Amino acid sequence: MVNKMDKKKQIIDLPGTRCDTLWAIVESGRNDDGIEWEKRQRTAPKTFESCIFDKNGICLDTKLTAMQEQINEAASAIHEINTSPSNPNLLINPNFKINQRGKETYSIHDLERSLFYTMDRWALEYNYLDGKENLDISIITAPLSGTTFLVNKAASFVNFYQAIKMDEMDLRGKTVTFSFSIGECSGHKGFFIQTYYNNTYNVIAEGTITEENKIYTCMVTIPPNNIDFIKFGFNCNGLGLQGALNINWAKLELGSYTTPFIPPDPTIELLKCQRYYIQTKSSQLIGIIPPTEKNVTLLYNFPVIMRATPTINIPENTILSFYYPMDGTFSVNDLSAIFISNSSVALRTYTKSPLLGQAGKTCYIESAIGFDAEIY
């Protein structure tokens with residue numbers, strides 16, 4: 001019996017009702033003596049959250065339910081990302097398997113310039129003011145995929161990177177994600193994203209690499225202003241900070257999140273690389289010895305249209321020679337291009353002496369010749 005002011009009300013709790021429950025009136029009436037009565041039925045356990053309201057009168061339980069719905073939506077989105085197909089990789093030769101230049105180790109002591117290419121599309125540069133005698137830096141290829149960036153001695157900076165020109169792939173104003181897989185890591189290493197325009201470099205993202213066997217990610221929005229090309233790569237800065245960095249693969253994709261790395265088809269990747277650099281194999285440069293038996297013109301159609309007219313690069317320690325079936329080899333005194341475009345080349349050789357009795361025979365260059373249209 002409940003007394004309220006001068007009125008009385010009889011409360012009848014049906015089975016299962018407790019004072020800490022939410023309840024509802026299921027039946028009510030008035031007795032002959034005038035006392036009102038109500039029958040109440042439990043609807044749900046009464047919780048703390050159902051009793052708390054914010055200043056706007058919204059129940060905490062309602063707010064928590066809304067938050068849980070948002071969490072469920074986010075989890076669903078993450079699941080969709082993780083199970084979605086991989087985004088295209090904007091980097092070429094991302095696992096370093098294409099190596100037309102053919103070396104197992106690329107050391108700065110083997111080359112004259114302070115910026116040179118190693119495995120296809122990947123450049124190594126250092127500060128020439130440091131002097132090569134003060135440096136010991138190498139890029140070492142791996143048997144299957146990946147590479148090792150080895151610094152035994154360094155001075156101001158060493159960079160290992162891939163450059164993308166904006167007139168070929170315009171990333172200005174776009175959000176991209178740079179990710180890469182690291183194996184072994186020692187010494188002071190880092191990654192960077194750097195823009196270049198009008199002899200000015202600008203670092204727009206960078207970070208340190210300290211943990212082994214880890215996938216690193218970096219999301220950045222490329223500035224919309226004037227940019228010639230962008231470098232995506234790895235570095236070692238500082239005197240005496242030597243060590244090794246094993247890079248399994250790298251990926252650059254549009255958007256603010258990463259998708260799985262999928263190793264590319266090496267056949268297709270080689271064709272992509274050959275837009276920037278082509279190295280011929282033996283017998284690919286073919287010519288006919290003319291009646292004069294002296295100067296020979298050799299023609300070669302590139303397997304792809306190169307990104308620009310290339311320069312001719314004669315690899316180190318290369319001896320140019322003619323080979324005549326059954327007749328041995330003949331030294332070449334000089335080799336020059338009489339025509340070159342981004343699709344073909346005509347080379348002329350000058351021999352030290354007339355090729356007596358060889359007129360009309362087919363000949364070819366044994367040694368590898370490089371055609372370079374890389375980004376410098």
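See the structure above.
Some thoughts on the overall build of the protein chain
Logical step 1: Of regular secondary structure, the protein chain possesses two helices and 25 strands.
Logical step 2: Of all 376 residues assigned to the protein chain, the portion counted as buried reaches 39%.
Logical step 3: When the accessible surface of the protein chain is split by element, carbon and sulfur atoms take 52% of a total near 20500 Å².

A few points about the pairing of strand β16 (residues 243-254)
Logical step 1: Across the twelve residues that make up β16, a large majority, ten, are buried.
Logical step 2: The pairing of strand β11 (residues 175-185) with β16 spans eight bridges and is classified as antiparallel. Directly across from isoleucine 182, in β16, lies its bridge partner isoleucine 247.

Section: the sheet that holds strand β20 (residues 311-313)
Logical step 1: Read from one edge of the open sheet, three strands run β17-β25-β20, paired in antiparallel fashion. Edge positions in the open sheet fall to β17 (277-279) and β20, since each of these has one partner strand only. This sheet shows a mean twist of 20° between the axes of neighbouring strands, independent of strand direction.
Logical step 2: Relative to strand β25 (residues 370-372), β20 is paired through three bridges, and the arrangement is antiparallel. Across the sheet, the residue bridging to threonine 311 is aspartate 372, located in β25.

A word on the pattern of salt bridges
Logical step 1: Applying the stated criterion across every chain yields a total of nine salt bridges.
Logical step 2: Across the pair glutamate 374 and arginine 101 runs a salt bridge, and its minimum N-O distance is 3.6 Å. Here arginine 101 lies in the loop between α1 (60-83) and β5 (105-107) and glutamate 374 lies in the segment after β25, a separation of 273 residues in the sequence.
Logical step 3: Residue class for arginine 101 comes out buried when judged on its relative accessible area of 17%.
Logical step 4: With its nearest N and O atoms 3.4 Å apart, the salt bridge here joins lysine 214 to glutamate 211.
Logical step 5: Sharing partners across several salt bridges, the network here consists of Arg101, Arg121 and Glu374.

As for the side chain of threonine 147
Logical step 1: Along the chain, the position of threonine 147 falls in strand β9 (residues 147-153).
Logical step 2: Taking the relative accessible area as the measure of exposure, threonine 147 reaches 0% and is therefore buried.
Logical step 3: A polar contact is formed between the side chain of threonine 147 and the backbone oxygen of isoleucine 140, at a distance of 2.8 Å.
Logical step 4: Once residues within four sequence positions are removed from consideration, threonine 147 is found in contact with Phe96, Met119, Ile139, Ile140, Thr141, Ala142, Phe160, Leu245, Asn246 and Ile247.

Definitions and limits used
Residues take numbers from 1 onward in each chain, read along the sequence in its written order. Predicted model: local features are reported for residues with pLDDT of at least 70 only, side-chain atom pairs are reported and counted for 80 or more only, and whole-chain, interface and lining totals are derived from all residues. Computation of side-chain values: all heavy atoms of the structure, hydrogens and water removed. Here a strand is any run of E in DSSP of at least two residues, a helix any run of H or I of at least four, and the numbering for each starts at the N terminus. The buried label goes to any residue with under 20% of its type's maximum accessible area, the exposed label to any with over 50%, and the partly exposed label to all in between, with areas taken from a 1.4 Å probe on protein chains only. Accessible surface is estimated by sampling points in the Shrake-Rupley manner with a 1.4 Å probe; for residues, cover comes only from the protein chains shown. In this scheme, strands are said to pair when DSSP sees at least two bridges between them. Inter-axis angles, ranging from 0 to 180 degrees, are taken between N-to-C directions of lines fitted to C-alpha atoms, where helices are fitted over the stretch in contact. The working definition used for a salt bridge is a side-chain nitrogen of Lys or Arg within 4 Å of a carboxyl oxygen of Asp or Glu. Under this definition, polar contacts are N or O atom pairs within 3.5 Å; protein pairs additionally need one hydrogen-donor-capable and one acceptor-capable atom, and for neighbouring residues in sequence, both atoms have to be side-chain atoms. Contacts: residue pairs with any heavy atoms within 4.5 Å of one another.

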